[in-house]
Structure formats: C-alpha cells, structure tokens
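Structural description and commentary
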Amino acid sequence: MNKLFIWLLIAILGALAVGSIAISRGESINALWFITAALCIYAIAYRFYAAWISVSVLVVDPTRATPAERLDNGRDFVPTNKWIVFGHHFAAIAGPGPLVGPTLAAQFGYLPGTLWILFGAVLGGCVQDMVTLFLSTRRNARSLGQMARDELGPLGGSAALIGTFAIMIILIAVLGLVIVNAMKHSPWATSTVSATIPIAMIVGIYMRHFRPGQVLEASALGVILLLLSVVGGSWVDQHETLHLIFDRDGLYLAWWVMAYGLAAAIFPVWLLLAPRDYLSTFMKLGTITLLAAAIIMLQPQVKMPALTQFIDGTGPIFGGKLFPFVFITIACGAISGFHSLIASGTTPKLLMNERDIRMIGYGGMLLESFVAIMAMIAATVLEPGIFFAINSPAGVVGKEAIDAVAKISSWGFPVTVEQMQTLATQMGESTLFARTGGAPSLAVGMASIFGSAFGEKLLAVWYHFAIMFEAIFILTTLDAGTRVGRFMLQDMLGNIWPKMAETSWMPSVILTSAVVVAGWGYFLYIGVIDPNGGVNILWPLFGIANQMLAAIALSVATGILVKSDKLNYAWITGLPLAWLITITTTAAWEKITSSDNRVGFFSAADDLSSKLAAGTLSAEKVAIAPQLIFNLHLDAWLTLFFVTLLWLIVFDMLRVCYRYLTGKSVPPLSETGHQVTKLVEEWVRD
C-alpha cells in the first residue's frame, strides 16, 4: 500500500511538471520543472512499462547462455561485467544526437522538443533499444540487417542490409562533423580531445595487464587524467609552439578523425573501445549529475520562448517547419535508429545474462533521454540572441559581427557585438559567432550554469571541460559505430565469401574497416568544405536517415513478434513504427520536392547553379560550388533511396506477417536453441 501511494505521488508530480511546461506562455519557466517531469516519467516507465515488456512480452530467461558466453573468443565476444556493458552501451549510443539535436531544435522554442524527448523516449526509443538487444542476443548477436534477412527473407532482408549500412555511414559522418566544428582553430579543445585517446588506451592496458579486475581503480586513474587534460589544454593554448601545433582547420582535423576511426575499428575491444566507453561513462554521468545538481541549486529561468516565430520553417539554423522537422532534428534523445546498430552489434557480444537487457536497453536509453533534457535546458537558459548568434551560419546572418547582430536583433532577439566578444573572452575563445553544429552553444550554456554555481572565474575551464565532455560523447559513438559498420560489412560479404564473415580474420578486419571509414569520411569532407558549416546539408539527412533506421529496426521487431505468436503484443513496436513512417516520409518528401532552397536539396542545388552561372558568388564559393552542387544532388538521391528502401522493408514485413497469420510458409525463426549458462550469479527478479 505504501509503495502504491509513493508511485501515485510520483505520477501526480510528473503530471504537474509536464502541465507547467506545456501551458506556460509569455513568461519564463523554472528549469527545475523540466528535471522533475523527466525523472517522474522515466521512473514510472522503467518500473512498470519496461518491466511488463521484459517479463510478459520478451520473457527474458536468466538461465540461458548468451552469445558472449557461448562464442567467447577474447576479441569481440567477451563475457563482461554488466556495469561495464552498461557503460559501453550508454557511451556508444549517447553520441552528439542527445546534445546537438535538442540544441538545434531550440530554434522552435523549448516546448515541442521537450515533449518529444519525454514521450518519444519511453514509448519508442527505449522500446526499440530493449527489444532489438533481446532479439540479437537470442540470435548469436547478429546485426540488424542480418536479422532482417533471416526473418523477412531475401528481398526485405537485402534491402535492410544495404539500407542500414548506408544510413550508418551518414550517421557517423555527422558525428565527425560535430566534433571537427567544435575543435577547429581551438588549440585548447583540440589538445584536450586528443589526449582522451591515449588516456583510454592506458586504462585498457592497466585493466588488462597490470591490475586485472580493478575496474574502479583504473577508472579513477582515467578520470584524473581526463581532468588534467582539460587543465593542461589551457597551458597548451598559451604556449607559443604548442598553440600553433594544435591550431588546425577543419579539413586537417577531419583527416585525423578518420585515422582515429580506422584504428578504433581494428584494435582489440579491450584496448580502446571498452575502456574508453566505460571511462567516458563516468565522465558523462558525473557531468550530467553535476549539471542537474547545479540546475537544482540555481533554479535558472528558461529564457527561450515556448514557441518562436520559426515554427513556420524560416529558422536560421536549419530550414523546415515544426512538423516534421522537430522530430527528425531531435533523434537520439527520443528514438534513434543508430541505437539498434549498437544493440545488435557490440553490446550483445558482451552481455553475460539476459536479465540485464532491461537495465542496459531500456535504462540506457532513458539515461540518454535525460541527457537530451539537460541539453535543452543548457541551450534555452541562454539569452536567445546569444543562442542564435552562436548557431546561425555566416551564410544566413553575414560574416561580419555587426551584420550578424543586426540581423539577429531584427528577429526580436537583441544581442550586441560587445556582448558576444566579452562572452568569447570569458570562454577562452577568439570568437563565438557562427560556431555551427550545436556543440559550442551547448558548451557555453553548460559553462554558464557551472560558472554561476561553482565559480565564474573558471568560465574558460568550464567551457573547455564541456567541449571535452561533448567530444567524449561523440568519439565513443564514432568508434563504436565504425566497429559496428565493420561487423555489418563482414556479415554482407560473408554471404558471398564465408571467410570474410570471420570477425577475427585480420585481412577482413582491415579491409572492411577501411571501406567503412572511407564511406563516412567522404561525407565528413562534404560537411567540412560547406561554407554554412555543413549542418544545414547533413543534419536533416542525418535525422531522416536515423529515424528511418529506427523504423527498419521496429519493422524487424514487429515481424518477429508476429511470427512468435505474439500478435497481441505487436502494438508495442507497431505504434512507434507507424509514427516514424509518417514523419520520415513527410520529411523526405519535403527535402526532395520543396521549392524553398533552404529545405529542398534539388532547389538548393539549382539556386547555387544559377548563382554560379550568373557570376554572383564570391571567389571562395566559386571554387567549391561544383562540389557543393554535386553533394546536394547526392543527398537528394540518397534521401529518395532511403525512403524507397524503408517502404520496401515495411511492405515485406507486412507480407510476411500476412502469410504467417494465414498459415502460409514464411522464413522460420532464427533464434538459437536454449543452452544453460555456466556463469553462475545470484539473481532476484524485481
């Protein structure tokens, strides 16, 4: 009775918090309501909805041996402590999406994005992650594309294999673009981010060879070294020689990011991937906890309106109306197809027991959604004029500071050159104008909150600590994504030459890793050379592709539920699938057919072509215009290709379901047989 009363109070408090966020108009709202709403909704969803799915729908079996145990090879399949797996999984899924997506979507106001983050996660994103992890674990940790091929047949399966691989290439490219935009011409940020790589390797070697099993000890060492790297970045920035070494442009940094991705995909998982992910989880959770504590302490007012005039599609950061673009801009904080690649890639190869699927799959996504709420708060507590000055590209507001502030002030969001210069100086940067990509403005917001709570004299340190925090999010997802891409490509090539599917055969490992990096490296190059920062070209494509990938994962899951005689439960994946089909198809249609050159890829290419022919472009733009025109056409055709594949997979899933329900032959379930686990652990069902 006492427990029921407590949960009733949590439900009432959550309803009050959501109501306060939803109905507030014309006045500022306390950021504490955002945290309250999130924690209450997450607690109820995890305790009741996730538990019901785990027990009644999936029927997890803690006595069943997992692929990590049965296929243990010491390289990719490695039974791993559940907390390390949780850390790896969370670090791998929590890339720039939950940080950058809400920041960019704040141009619509705080309300639409906040509601989508809260309810999209508990009903869609968390369900996708948990169900996909369970299905892959039951199928020898097969990739999403391979599961589609096994369960739907050659047509839908082949489409899913190709689609998931191609979409993943786009996703990783955007991850790289965000980190490059945050580091370019910032020696402090570049040196700090660079230091995180050898630090992760030191932790990996320490745990593997010097002090095996001493996880907390190694983690403490890593965290201390990471904090020292932030402080050391200030010294690098002030050192005459080192400043020049680390002061690099975007293209130079892009090549180094590609080299890192290649190394991370080839190295053993214990050397870089697992320790980096586990270590970064401490930093991520610690920083988010610290940020939440600062917000609770300060109770800052959200200064961005609930809705801005840019819901009509005229926003400076990216073009497109509120529907459907808020739902594809905020992908990872609500539902993200990239997660299905991790949940069917590296995580099931490490999972020791099925009982942990709820905590890792559903709980990991809840934590990411909370990160997105923190990002929304950090972005919207800034003065709107400052927010738009940082995020609006020079191509929209003008290259000169005086032009930019005049343009932004004309929108009703006043800001001055002096205000921006003072802020840049406080943050240890030369300028903060047109720092597109979302990461710099989020870092400014976080630094402002930390500075107000813990000392404004350290604003520059807080800013670069936030940049390092964001970089850890991004690089851990980039390296895990590249590794998953390698697994996917090996699976596909293995259908032609079985030897290529062997994940421990080095020629296959090196070749497939190089192909994956070359693929996303090209799109990273596209974003880097774009004069508008690459965000307007790549982020909408990223969002559409990401949500389409989630729809593919939910299609596979729905098909398997039906084939498993669980038609009555198919709605748990079918309803979010229907919503994703709607928003992705609508967004893809607009990106292909819109006559607004800030929305449509083809119209943007035509506009640039006409300006090039008329000779009205600057000399700088003339040099890269042909490449940009080609890239815009490529993005348009890729969007059309993705949406075609999505509908093909959906129809194939419906065909398989219909055939099964009418008693006709369908591909058999590919679930492996039950084998009792030999890894004995105490277990209590909660």
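Below or above, wherever it landed, is the structure these notes cover.

Quick look at the overall build of the protein
Counting its regular elements, the protein contains 27 helices and two strands. By the compact-globule yardstick of 26 Å for 686 residues, the protein fits well, its C-alpha radius of gyration being 24 Å. Dimensions of the protein, computed from the C-alpha atoms along their principal axes, are close to 70 × 55 × 55 Å. The buried share of the protein, reckoned over its 686 residues, is 61%. In the protein, of all internal contacts separated by at least 6 residues, the share reaching a separation of at least 24 is 83%. Accessible surface, the protein as shown: approximately 24500 Å² in total, 67% of it carbon and sulfur. For the protein, the distance from the average position of its 40 positive side-chain charges to the average position of its 41 negative side-chain charges is 7 Å.

Structural notes on the environment of Lys563
The residue Lys563 is located in helix H24 (residues 535–563) in this model. According to the relative accessible area criterion, Lys563 is buried, its value standing at 5%. Taking the C-alpha atoms as reference points, Lys563 and Leu661, 98 residues apart in sequence, are found 8.3 Å from one another.

A word on the packing of aromatic side chains
Aromatic ring pairs: the centre-centre distance and the angle between the two ring planes describe each pair. Within the structure shown, the criterion is met by 28 aromatic pairs. Taking the centre distance of 6.5 Å and the plane angle of 85° together, the rings of Tyr42 and Phe370 count as edge-to-face. Taken together, the residues Tyr42 in helix H2 (residues 32–58) and Phe370 in helix H16 (residues 357–380) connect sequence positions 328 residues apart. On the basis of relative accessibility, which here comes to 10%, the residue Phe370 falls in the buried class. Measuring from centroid to centroid gives 5.5 Å for Trp647 and Phe651, while their planes differ by 35°, and the two rings are tilted. Of the two residues, Trp647 and Phe651 are both situated in helix H27 (residues 619–661); the distance of four residues between them amounts to about one turn of the helix.

Let's talk about the environment of Thr512
Examined against the element boundaries, Thr512 turns out to sit in helix H23 (residues 506–529). Accessibility expressed as a relative area gives 0% for Thr512, which makes it buried. For the pair Thr512 and Val528, spaced 16 residues apart in sequence, the C-alpha to C-alpha distance is 24 Å. Setting aside residues no more than four positions away along its own chain, Thr512 makes contact with Arg486, Leu489, Gln490, Leu493 and Met500. Here the side chain of Thr512 touches Ser508 through a polar contact of 2.6 Å, landing on its backbone oxygen.

Considering the environment of Ala404
Mapped onto the elements, Ala404 comes out in helix H19 (residues 401–410). Spatially, the C-alpha atoms of Ala404 and Phe388 are 9.5 Å apart, while their sequence positions differ by 16 residues. Ala404 has contacts with Val397, Gly398 and Phe433, leaving out every residue within four places of it along the chain.

As for the nonpolar core
The biggest cluster of nonpolar side chains holds 226 residues, and the ones touching the most others in it are Tyr42, Tyr362, Met374 and Trp520. Broken down by element, the residue count for this core peaks at 20 residues, all from helix H8 (residues 154–183). For Met374, the residues in contact, after removing those within four places along its chain, are Ile35, Ile288, Leu291, Ala292 and Ile295.

Looking at the packing of H8 against H23
One way to put it is that H8 packs onto H23 with a least axis distance of 8 Å and a crossing angle of 50°. If you check the angle between H8 and H23, you find them oblique. Between H8 and H23 the crossing geometry is right-handed. Here Phe165, Met168, Ile169, Ile170, Ile172, Ala173, Gly176, Leu177 and Val180 of H8 lie close against H23, whose contacting residues are Val516, Gly519, Trp520, Phe523, Leu524, Gly527 and Val528. Looking at the contact of H8 with H23 residue by residue, the class counts come to 13 nonpolar, three polar and no charged.

Observations regarding the packing of helix H4 (residues 82–93) against H16
Where H4 contacts H16, the two axes come as close as 10 Å, and the packing angle between them is 45°. Of the possible angle classes, the one that applies to H4 and H16 is oblique. Seen along the crossing, H4 lies across H16 with a hand that is right-handed. Residues Lys82, Trp83, Val85, Phe86, His89, Phe90 and Ile93 of H4 lie in contact with H16, whose contacting residues are Met359, Ile360, Gly361, Gly363, Gly364, Met365, Leu367, Glu368 and Val371.

As for helix H14 (residues 322–329)
Taking burial as the measure, the eight residues of H14 include six buried ones, the bulk of the element. Looking only at H14, the buried set comprises Pro324, Phe325, Val326, Phe327, Ile328 and Thr329.

Comments concerning the pattern of salt bridges
Within this structure, the stated rule accounts for eleven salt bridges. Of the charged contacts, one joins Glu383 and Lys303 as a salt bridge, the two residues approaching to 3.5 Å between their closest N and O atoms. On the criterion of sequence distance, the pair formed by Glu383 in the loop between H16 and helix H17 (384–391) and Lys303 in the loop between strand E2 (301–302) and H14 is long-range, its members being 80 residues apart. Salt-bridge contacts for Asp356 lead to Arg355; the nearest nitrogen and oxygen are separated by 3.7 Å. A single burial state applies to Asp356 and to Arg355, both of which are buried. One network of salt bridges, with partners in common, ties together Arg64, Arg138, Glu354 and Glu671.

Observations regarding a nonpolar patch on the surface
A cluster of nonpolar residues, Phe5, Leu8, Leu9, Ile12, Leu13, Leu16 and Trp33, forms a patch on the protein surface that exposes about 670 Å² of accessible area. Of all the elements, helix H1 (residues 2–23) adds the most residues to the nonpolar patch, at six residues. Considering the arrangement of structural elements, one finds Leu13 in helix H1. Judged by relative accessible area, which is 39%, Leu13 ranks as partly exposed.

Structural notes on unusual backbone geometry
Of the consecutive residues Phe323 and Pro324, the connecting peptide bond is found in the cis state with omega at 10°. Within the fold, Pro324 resides in helix H14. Of note, Asn140 is a non-glycine position whose phi angle comes to about 60°, a positive value. Inspection of the secondary structure puts Asn140 in the loop between helix H6 (110–137) and helix H7 (144–152). Among the residues examined, Asn140 registers a relative accessible area of 27% and is labelled partly exposed. In the Ramachandran plot, Gln299 falls in the positive-phi region, its phi being about 50° despite a non-glycine side chain. By the element assignment, Gln299 lies in the loop between helix H13 (273–298) and E2.

Quick notes on the rules
- Residues numbered from 1 in each chain as written.
- Predicted model: local features only at pLDDT ≥ 70, side-chain atom pairs only at ≥ 80, totals over all residues.
- Heavy atoms only, no water.
- Helix = DSSP H or I, 4+ residues; strand = E, 2+ residues; numbered from the N terminus.
- Rg over C-alpha atoms; globule rule 2.2 N^0.38 Å.
- Buried < 20%, exposed > 50% of the residue type's maximum accessible area, 1.4 Å probe, protein only.
- Contact = heavy atoms within 4.5 Å.
- Areas by Shrake-Rupley, 256 points an atom, 1.4 Å probe, with all protein chains shown as cover.
- Lys, Arg positive; Asp, Glu negative; His and termini not counted.
- Charge placed at Lys NZ, Arg CZ, Asp CG, Glu CD.
- Phe/Tyr/Trp six-rings, centres within 6.5 Å; stacked < 30°, edge-to-face > 60°.
- Polar contact = N/O pair within 3.5 Å; in protein donor to acceptor, adjacent residues only side chain to side chain.
- Core = buried A, V, L, I, M, F, W, Y, C linked by side-chain atoms within 4.5 Å.
- Axes fitted to C-alpha atoms, helices over the stretch in contact; angles between N-to-C directions.
- Parallel < 35°, antiparallel > 145°, perpendicular 65-115°, else oblique.
- Left-handed = near helix turned anticlockwise from the far one by under 90°.
- Nonpolar A, V, L, I, M, F, W, Y, C, P; charged D, E, K, R; others polar.
- Salt bridge = Lys/Arg side-chain N within 4 Å of Asp/Glu carboxyl O.
- Patch = residues over 30% accessible without salt bridge, like charges linked within 9 Å, V, L, I, M, F, W, Y side chains within 5 Å.

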